[in-house]
Amino acid sequence: MFLRIIFAVAVILSVSASVLFFLGIRGKCRRVMMNMSVCFTIFMTFIAITDISGIIYFGSYQSAFAFMGFVNAGELILYEIHRKYPLKFLEFSSKILIIASVLELTLFNIPSYHLWGGGYEQKELDLDSAIIECGIRLDDGGIIVGDGAEMVVTFEGIDMPVGTVEADILFNKESTKEARFILDIKDSTQTQNYRYNIAESRIVEKREKSDTIMCDFSGNVIDMRVKLTPENSGEIILQRVYVNTDVAFNISLVRFFFITLVSVFIYAVMYENFMQKSFSRNMRFCRIASAVVTIVCCISAFAILDYKLGDKKWKDTFKQRDGNQLTQELVDAFENGQIHLDAEPSEELNALENPYDRNARESSGAYALWDHVYYNNHYYSYYGIAPVILFFLPYHKITGYYCPDSLAVLVFAVIGIAGLTGLFRSFIKKWFPDTETGIYLLCLIMIQILSGVWFSIGRVWFYETAMTAGFAFLSWGVYFLFESNVMGTGKISFFKVFMSSLFSALSVLCRPTLALYCICIAVFMLMAVPKSGKDMKRRVIYLVNAFVPMICLGLVQMIYNYARFGSPFDFGIQYSLTINDFTKSQYHTNLVLIALFNYLFNIPVFSASYPFISTEFQKLGINGFFYDDYLSTANTSGLFFLALPVFAYIFSGKAVKKLPDRKSGINSLVYIGFPCVIIPVLIISSVWESGYAVRYMLDFSWEMIIGALAIIFFLMRKTENDTIKKLIKIFLCFSMVWAFIVSGLQSFNQAFRYSEYHYEYPEIAYSIEQIFAFWR
């Protein structure tokens, strides 16, 4: 009770100080009141230090006092900044800081107030007198259970109101991070028989709040059975059981900062003058802000991969003595001067009449390397050779070790993220320089969230390595294409044309699917020949820069294909030992419809439990084999329901009508229709054979979003109606928040969720669950 009083007083002092600072910013607070708020802040800062350092133990309110001190310090800083720079968004920041902190201390931690109504006596239940149905009693009084068995401990004669039950358990194996926690009870409404599974939760290691189940029982609990089951065939030790302990406060800084930062950013976009300046008049700020967004994305990518390393250190992963198709097998083959892999197929595989038939391989017991290309009694890899030659082979030569997948994905993802920022900034600068700074930034954030790269960062393997490598080179190829002035006005830069050609071609050598974009870029360069110069010499120099890199690297790929499979145009994927016999698979348009629906139009499903937002894979009632990778990598919503601005394609006809002449309409069809619509649709359609996997979103997402944004920016430029412009701005702000939540959650689900019943990273799943399901 004493801690509750202290906490209530602290909340009153903290909120009072914040309100006084806000009134001070608005000029409605006298000096003496401001001095009082400073004193409150100093006091709360001192309390916060004692909380953080552990000098004072605040029990279940641990971290809440530190949070209040942090908020008050933030209000003081805002007050001092506002005295020098009286910007409107600083006043709003102070207001939203109060609202977010009050929500965090009250509504979002409502379980911690569950026992404040009174009538609940805290008590430790006697394990020594408990009845054990499954589990072994230890000498120290604890009870142990292992191998995923369910421990059942019965407490009789409790006869008291029970508002919470806390199980103090110890995880006894490294592989065990969570346990199912279930209660059966007899209460005043049913005294003879148990109400089974009346309360259920998960106890997660390193998540203090998860130890306690909040209960809403009637009258007194007579008897109670505590059932605990370690996940992943693990082992746990039950040390103590308490009833009526306060639920621990769970201050979520992620939730707090999301509410405050996103709210302040949206307010600035809508109302702050410097965010309403055009991109062209605010270039320096836009450049700095773009760099900040890029750095945050890169740090986020590193943080995800670093967390997934677990107890391993990066320096240890750099010394891998084995790898996969890309990082080892192709490296070893090239070092040995051969194009086929070192591994030799088994005699049983060579003897099969049709080795590409999966059932034939498995029923015969023939050993085969999964998802390798098998041709003429040799193994090959259909994955691109560019990342091998440019990165994995030099890495092995220099270090003597094989490059880890996590490092490869991180390097390529960071390069791609930076390239995506660069190309979008160049896109705005060249065609829509009148775009407001705020709109530019929120669209940049949105396109980074929705690019599709996060699905590859979430699961690192050689599949994702190839995806991110292609993304890295293609993004820079497009960036140099925009900067070269091949499209639009301005003098053509031959060097940038050369770089665009080189990076675009390299993207194909990473991922052959991207050849369609490379061909499209080549067509754009060919269309710009008249613009390159009036004299023949300049045109020849232009053509050399534009096409020599593509031709040379294309010849390398064609020679490589011919040496392996006897045809310069055969990449060998049909000879894969994988999910299906691609040598005999038959095209059906209905299978294309499955891919188009799931990648573009599949609708997210919302629920009140983790993962909150999910998407069911839809086969549309079509009868035929279509592989989906849902069980191992999860699913995601269609792009139209991740990136809401993509719906702007509906208004493409209206945009064309506003163009000044027929030539402009044709150019728009070529420059937007082909790379942003037609090619993405062709790429999606091509997966009818290989099947669905969320990583393929990276092949077309950001391209389609840029095309849709071009339509939105053009229509905004053409309308004179300020109300419509404001509504579009509100729509884009909502789309950014939607992308954060809907796409962000599904990306995290891809990264950290293992299956329906077990989570590889339960602590992450629990933290995300608590951000949204705060009432649990």
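Heads up: the structure comes first, above all this text.
About the thresholds
Sequence order sets the numbering: in each chain, residues are counted from 1 along the sequence as written. For this predicted model, a pLDDT threshold of at least 70 governs which residues receive local features, and a threshold of 80 or more governs which side-chain atom pairs are given and counted, while totals over whole chains, interfaces and linings are taken from all residues. Side-chain metrics rest on all non-hydrogen atoms present in the structure, leaving aside hydrogens and water. The way it works is that DSSP assigns letters per residue, a run of H or I at least four long becomes a helix, a run of E at least two long becomes a strand, and they are numbered from the N terminus. Only protein chains enter the calculation, and the probe is 1.4 Å; a residue is then buried if its accessible area is under 20% of its type maximum, exposed if over 50%, and partly exposed in between. We call two residues in contact whenever any of their non-hydrogen atoms come within 4.5 Å of each other. An expected span of 1.5 Å times one less than the residue number is assigned to each helix. Think of it this way: DSSP has to see at least two bridges between two strands before they count as a pair. To define axes, lines are fitted to C-alpha atoms, for helices over the stretch in contact only, and angles between the resulting N-to-C directions are given on a 0 to 180 degree scale. Pairing of aromatic rings covers Phe, Tyr and Trp, the last through its six-membered ring, and needs centres within 6.5 Å; plane angles under 30 degrees mean stacked, over 60 mean edge-to-face, and all others mean tilted. In our convention, an over-ring charge means Lys NZ or Arg CZ found within 6 Å of a ring centre and within 35 degrees of that ring's normal. Buried Ala, Val, Leu, Ile, Met, Phe, Trp, Tyr and Cys residues that are joined via side-chain atoms within 4.5 Å together make up what is termed a nonpolar core. The patches described consist of residues with a relative accessible area above 30% and no salt bridge, like charges being joined within 9 Å and nonpolar side chains (Val, Leu, Ile, Met, Phe, Trp, Tyr) within 5 Å. Note on areas: these come from Shrake-Rupley sampling with a 1.4 Å probe, and a residue is covered only by the protein chains present in the view. A carboxyl oxygen of Asp or Glu within 4 Å of a side-chain nitrogen of Lys or Arg is what we treat as a salt bridge. Put simply, a disulfide is two cysteine sulfurs that come within 2.5 Å. Just so you know how the angles are binned, under 35 degrees is roughly parallel, over 145 roughly antiparallel, 65 to 115 roughly perpendicular, and the rest oblique. Side-chain classes follow a simple rule in which Ala, Val, Leu, Ile, Met, Phe, Trp, Tyr, Cys and Pro form the nonpolar group, Asp, Glu, Lys and Arg form the charged group, and the remainder, Gly included, forms the polar group. Polar contact is the term for a pair of N or O atoms within 3.5 Å; when the atoms are in protein, one must be able to donate a hydrogen and the other to accept it, and sequence-neighboring residues count only if both atoms are side-chain atoms.

Asks: Please give an account of the overall build of the protein that cites residues and values.
Replies: Secondary structure assignment for the protein yields 28 helices and 15 strands. C-alpha atoms of the protein, sized along the principal axes, occupy 95 × 80 × 55 Å. Expressed as a percentage of its 776 residues, the buried residues of the protein come to 54%. When contacts within the protein are restricted to residue pairs at least 6 apart in sequence, long-range pairs at least 24 apart make up 77% of them.

Asks: Tell me about helix α16 (residues 462-483), and name the residues and values.
Replies: Taking 1.5 Å per residue as the helical rise, α16 with its 22 residues ought to reach 32 Å, and the 32 Å between its terminal C-alpha atoms agrees with that figure. Burial analysis of α16 places 21 of its 22 residues in the buried class, the great majority of the element. Two residues or fewer after α16 comes Asn 485, characterised by a positive phi angle close to 70°.

Asks: Could you give an account of the sheet that holds strand β5 (residues 151-155), with specific residues and numbers?
Replies: Reading across from one edge, β2-β5-β10-β7-β8 is the order of the 5 strands in this open sheet, with antiparallel pairing throughout. The open sheet terminates on both sides in strands that have one partner only, identified here as β2 (131-134) and β8 (190-204). Across the sheet, the axes of successive neighbouring strands diverge by a mean angle of 20°, strand direction being ignored. Two elements, strand β7 (residues 178-187) and strand β10 (residues 221-230), share 9 bridges in a ladder whose sense is antiparallel. Within β10, the position partnered with Ala 179 by the bridge is Pro 230. Lying over the sheet, helix α28 (residues 762-772) contacts β7 and β8, oriented at roughly 105° with respect to β8.

Asks: Please provide a residue-by-residue account of the packing of aromatic side chains, values included.
Replies: Under the definition given, this model contains 70 aromatic pairs. Geometrically, the ring pair formed by Tyr 113 and Trp 116 is edge-to-face, given 5.0 Å between the ring centres and 65° between the ring planes. A relative accessible area of 22% means that Tyr 113 is categorised as partly exposed. Accessibility expressed as a relative area gives 32% for Trp 116, which makes it partly exposed. Taken together, the ring pairs in this structure connect Phe 279, Phe 424, Phe 427, Trp 431, Phe 432, Tyr 440, Phe 482 and Phe 713 into an aromatic cluster. Taking the ring centre of Tyr 194 as reference, the NZ or CZ of Arg 225 above it sits at 5.6 Å.

Asks: Pulling in residues and values, what's your account of unusual backbone geometry?
Replies: The amide bond that connects Tyr 610 to the next residue, Pro 611, takes the cis arrangement and shows omega of 10°. Position of Pro 611 relative to the elements: it lies in the loop between β14 (605-606) and β15 (613-614). Within the chain, Asn 244 stands out as a residue other than glycine whose phi angle is a positive 65°. Relative to the helices and strands, Asn 244 resides in the loop between β11 (236-243) and α5 (253-271). Among the residues examined, Asn 244 registers a relative accessible area of 4% and is labelled buried. Even without glycine at this site, Phe 612 takes up a positive phi of about 70°. Mapped onto the fold, Phe 612 is located in the loop between β14 and β15.

Asks: Give me the lowdown on the pairing of β11, citing residues and values where you can.
Replies: The pairing of strand β1 (residues 123-125) with β11 spans 3 bridges and is antiparallel. Bridge pairing in β11 links Glu 124 to Tyr 242. Where strand β4 (residues 143-145) meets β11, 3 bridges bridge the pair, whose relative direction is antiparallel. Bridge pairing in β11 links Ile 144 to Ile 237. Bridging between strand β6 (residues 164-171) and β11 involves 7 bridges; their strand directions are antiparallel. Its bridge partner being in β11, Phe 171 is matched across the sheet by Ile 236.

Asks: If you had to explain the pairing of β7 to someone new, which residues and values would you point to?
Replies: The buried fraction of β7 is high, at 9 of 10 residues. The pairing of β7 with β8 spans 8 bridges and is antiparallel. Paired with Glu 178 across the strands is Val 204, a residue of β8. Hairpin connection of β7 to β8: 2 residues between the antiparallel strands.

Asks: Mind laying out the nonpolar core, listing which residues take part and the relevant values?
Replies: Counting residues in hydrophobic clusters, the biggest one holds 206 residues, and the most contacted among them are Phe 424, Met 525, Tyr 542, Trp 702 and Phe 713. Here this core gets 14 residues from one element, more than from any other, and that element is α16.

Asks: Talk me through a nonpolar patch on the surface; I want residue IDs and the actual numbers.
Replies: There is a patch of nonpolar side chains on the surface, built from Leu 516, Ile 519, Val 523, Met 527, Leu 669, Phe 674, Ile 678 and Leu 682 and spanning about 670 Å² of accessible area. Those elements giving two or more residues to the nonpolar patch turn out to be α18 (515-527) and α25 (662-685). Within the fold, Met 527 resides in helix α18.

Asks: Which residues make up the state of the cysteines, and what values go with them?
Replies: According to the stated counting rule, one finds 0 disulfides in the structure shown. Not part of a disulfide, Cys 518 finds its nearest cysteine sulfur in Cys 520, a span of 9.9 Å.

Asks: Please set out the packing of helix α9 (residues 325-335) against helix α12 (residues 386-399) residue by residue, giving values where relevant.
Replies: As a packed pair, α9 and α12 sit with axes 9 Å apart at the nearest point and diverge in direction by 80°. As far as their axial angle goes, α12 and α9 are roughly perpendicular. Contacts between α9 and α12 pair Leu 326, Thr 327, Leu 330, Val 331, Asp 332, Phe 334 and Glu 335 from the former with Val 388, Ile 389, Phe 392, Leu 393, His 396 and Lys 397 from the latter. Here the residues of the contact of α9 with α12 are counted per class, giving 8 nonpolar, 2 polar and 3 charged.

Asks: Talk me through the side chain of Thr 465; I want residue IDs and the actual numbers.
Replies: On the secondary structure map, Thr 465 appears in helix α16. Looking at Thr 465, its side chain comes within polar contact range of the main-chain oxygen of Trp 461, at 2.9 Å. Other than its neighbours up to four places away in sequence, Thr 465 contacts Leu 326, Phe 392, Asp 405, Ala 408, Val 409 and Phe 412.

Asks: Tell me what's going on with the packing of α12 against helix α17 (residues 494-510), and back it up with residues and numbers.
Replies: For the pair α12 and α17, interaxial distance at closest approach is 7 Å and the crossing angle is 95°. Between α12 and α17, the interaxial angle falls into the category roughly perpendicular. Seen from α12, the contacting residues are Ala 386, Pro 387 and Leu 390; seen from α17, they are Leu 506, Leu 509 and Cys 510. Classifying every residue of the contact of α12 with α17 gives 6 nonpolar, no polar and no charged.

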